[in-house]
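Working through the structure, step by step
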Amino acid sequence: MTTKVRNYAHLHLIVFIWGFTAVLGKLITIAALPLVWYRMLIAAILIFAFVVFRRVPLKVSNKTLYTLLLAGGVIALHWVTFFEAIKVSTVSVALATMSTGAFFTAILEPFWYKRKMLWYELLFGAIVMIGLAIIFRVETQYANGILLALFSAFLAAIFSLINGQLVQTHKPSVISLYELSTGVIMLSIYQLGSGGFTLDFFQLSISDWGYLFLLASVCTAYAFIASVKVMKYLSPYTVMLTVNLEPVYGIILAFLFLGEDEKMTPMFYVGTFVILGTVLANGMIKNNGKLKNKDKGSR
């Protein structure tokens, strides 16, 4: 097996793991906020152990530190709203709505990098909204879950733009350690202020502890670091196409593990297909444009 094929298979495993994250969120019985608090705490401890073992320097500039603090708050709120969306609706609804994150990124990118918005970004954005409207229309009982997932997707877009810049100059393990630790601290402050740290908060079932450790270790600490590593061997286009399979894997896994509760109406899958198809088309056009620009520059 060649290095490229091995890393491509590894990438599919990582995306499969990310798809399983939503299923774990449904299986864990505690509320979304304590779920995220435990996830970030356990993952931060594991990554800290990794950083110490590898003797990775942790020092960053004050400017970078402020950016990491902002990103940590964004990712904490993103995860809380994502898991809350799963709790109040279904894994399928949450994942389908989360697919809009790619288009929030496309809309925010021009402002973030101070460039003109491309016409097809607006067109694809409108098509994504049509797909979302179809889901909204046929799954009205999950309106709160759709709105929460939509806000979570928006936060994910902001987070990806921040990290897209940070990862160019800093190690992923250092970035994730600062961000996860920041998230734990911010959620802890909120819990202290609201009186959330009760005895019940720390009394978890054995199954919840098992699912949480799996979520924090395999789905968070391992998947994050491993995903960056495979990007060294695969093209951005290959990575983009594969990562967009996450909702597909997640919806299939949800049906296998959660059964009839995840069975949706036919029009729901039509709306999901419209969103995913548009996301893939956007990625293909962007990648094709980048390749053409590289070819021009090499002549």
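Preceding this section is the structure that the text describes.
All of these numbers come straight from a predicted model, not from anything done at the bench.

**Considering helix 8 (residues 172-194)**
In this model helix 8 runs 33 Å from its N-terminal to its C-terminal C-alpha over 23 residues, within 8% of the 33 Å that 1.5 Å per residue would give. A positive phi of about 70° marks Gly-195, the residue just after helix 8.

**Comments concerning the packing of helix 2 (residues 32-54) against helix 3 (residues 62-88)**
Axis separation between helix 2 and helix 3 bottoms out at 8 Å; the angle between their running directions is 135°. In terms of orientation, helix 2 lies oblique with respect to helix 3. Regarding helix 2 and helix 3, the two cross each other, and that crossing is right-handed. Facing Ala-32, Leu-33, Leu-35, Val-36, Arg-39 and Met-40 of helix 2, the residues of helix 3 in contact are Gly-72, Ile-75, Ala-76, Trp-79, Val-80, Phe-83, Glu-84 and Lys-87. Partitioned by chemical class, the residues of the contact of helix 2 with helix 3 number 10 nonpolar, one polar and three charged.

**Digging into the nonpolar core**
In terms of nonpolar packing, the biggest core is built from 83 residues, with Met-40, Phe-82, Phe-83, Leu-187 and Leu-212 touching the most fellow members. The element that contributes the greatest number of residues to this core is helix 2, accounting for 12 residues. The residues contacting Leu-212, other than those within four sequence positions of it, are Ile-28, Ile-30, Leu-35, Tyr-38, Arg-39, Ile-42 and Leu-204.

**Digging into the environment of Val-138**
Inspection of the secondary structure assignment puts Val-138 in helix 6 (residues 119-138). When the C-alpha atoms of Val-138 and Pro-266 are compared, they prove to be 9.1 Å apart, with 128 residues separating the residues in sequence.

**Here we look at a nonpolar patch on the surface**
A cluster of nonpolar side chains, contributed by Leu-245, Val-248, Ile-252, Phe-255, Leu-256 and Phe-257, occupies part of the molecular surface with about 540 Å² of accessible area. Considering the arrangement of structural elements, one finds Leu-245 in the loop between helix 10 (236-243) and helix 11 (246-258). Leu-245 gets classed as partly exposed once you look at its relative accessible area, which sits at 31%.

The rules behind each value
Residues numbered from 1 in each chain as written. Predicted model: local features only at pLDDT ≥ 70, side-chain atom pairs only at ≥ 80, totals over all residues. Heavy atoms only, no water. Helix = DSSP H or I, 4+ residues; strand = E, 2+ residues; numbered from the N terminus. Expected span 1.5 Å × (residues − 1). Axes fitted to C-alpha atoms, helices over the stretch in contact; angles between N-to-C directions. Parallel < 35°, antiparallel > 145°, perpendicular 65-115°, else oblique. Left-handed = near helix turned anticlockwise from the far one by under 90°. Contact = heavy atoms within 4.5 Å. Nonpolar A, V, L, I, M, F, W, Y, C, P; charged D, E, K, R; others polar. Core = buried A, V, L, I, M, F, W, Y, C linked by side-chain atoms within 4.5 Å. Buried < 20%, exposed > 50% of the residue type's maximum accessible area, 1.4 Å probe, protein only. Patch = residues over 30% accessible without salt bridge, like charges linked within 9 Å, V, L, I, M, F, W, Y side chains within 5 Å. Areas by Shrake-Rupley, 256 points an atom, 1.4 Å probe, with all protein chains shown as cover. Salt bridge = Lys/Arg side-chain N within 4 Å of Asp/Glu carboxyl O.

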